[in-house]
Amino acid sequence: MSSPEIASLSWGQMKVKGCSTTYKDCKVWPGGSRTWDWRETGTNHSPGVQPADLEEVVKKGVQTVVIGRGMSEALQVPASTVEYLKRNGVEALVLQTEKAVAEYNALAARGVKVGGLFHSTC
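The rules behind these values
- Residues numbered from 1 in each chain as written.
- Predicted model: local features only at pLDDT ≥ 70, side-chain atom pairs only at ≥ 80, totals over all residues.
- Heavy atoms only, no water.
- Core = buried A, V, L, I, M, F, W, Y, C linked by side-chain atoms within 4.5 Å.
- Buried < 20%, exposed > 50% of the residue type's maximum accessible area, 1.4 Å probe, protein only.
- Helix = DSSP H or I, 4+ residues; strand = E, 2+ residues; numbered from the N terminus.
- Contact = heavy atoms within 4.5 Å.
- Phe/Tyr/Trp six-rings, centres within 6.5 Å; stacked < 30°, edge-to-face > 60°.
- Salt bridge = Lys/Arg side-chain N within 4 Å of Asp/Glu carboxyl O.
- Arc of directions from axis to C-beta.

(A) Focus on the nonpolar core. Counting residues in hydrophobic clusters, the biggest one holds 17 residues, and the most contacted among them are Val 49, Leu 54, Val 65, Ile 67, Leu 85 and Leu 117. Elements supplying a minimum of two residues to this core: α1 (51-58), β6 (64-68) and α2 (79-87). Once residues within four sequence positions are removed from consideration, Val 65 is found in contact with Leu 54, Val 57, Leu 85, Val 90, Glu 91, Ala 92, Leu 93, Gly 115 and Leu 117. Core analysis: the next-biggest nonpolar cluster, separate from the first, contains 15 residues, Ile 6, Val 66, Leu 107 and Val 114 among them.

(B) Region of the structure containing the packing of aromatic side chains. This model, assessed by the stated rule, comprises 2 aromatic pairs. Consider the rings of Trp 36 and Trp 38, whose centres lie 5.6 Å apart with planes at 50°: the pair is tilted. Of the two residues, Trp 36 and Trp 38, neither departs from the other in class, the shared state being buried. When the ring of Tyr 104 is compared with that of Phe 118, the centres are 5.5 Å apart and the planes differ by 80°; the resulting orientation is edge-to-face.

(C) Summary view of the pattern of salt bridges. In the structure shown here, the tally under the stated rule is 6 salt bridges. Salt-bridge contacts for Lys 27 lead to Glu 56; the nearest nitrogen and oxygen are separated by 3.3 Å. Linking Lys 27 in strand β4 (residues 25-29) with Glu 56 in helix α1, this pair joins segments that are 29 residues apart in sequence. The buried category is assigned to Lys 27, whose relative accessible area is 3%. Between Glu 56 and Arg 34 there is a salt bridge, with the nearest N and O atoms lying 2.8 Å from each other. Placement of Glu 56 in helix α1 and of Arg 34 in strand β5 (residues 32-35) is noted, with a sequence separation of 22 residues between them. Among the residues examined, Glu 56 registers a relative accessible area of 23% and is labelled partly exposed.

(D) Examining α1 more closely. When we look at burial in α1, the residues that qualify are Asp 53, Leu 54, Val 57 and Val 58. Take α1 and look down its axis: the buried residues cluster within an arc of 125°, on one side only. Packed against the buried residues of α1 are β4, β6, α2 and β8 (114-119).

Everything listed here is a matter of coordinates, which is why it stays silent on function.
Set out below in structure tokens:
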């Protein structure tokens, strides 16, 4: 199963190819996507992305996770979160959201089992 392409990105919205939902924040993995609801794990801009935010994507067997920190990079990603990925044998790429989406799409196009968490504002 391949990772779905992020078809479009603009401030406050993203579209995933093959999905009719417009996301503000989303999680993607080989074969699927869904809204990334920060309330599920108590995520906020600080301290940022938590390992609990990534568990679902890691369980999909991804090789790499791309994390988009927002358009202005306001979303933090603590070292403990990156270390969680490394402990699980997953490469972590943490980038500004536009760059993160471009990198994610490039990896997906090459057939890498890639997942992502993308924040489309701030």
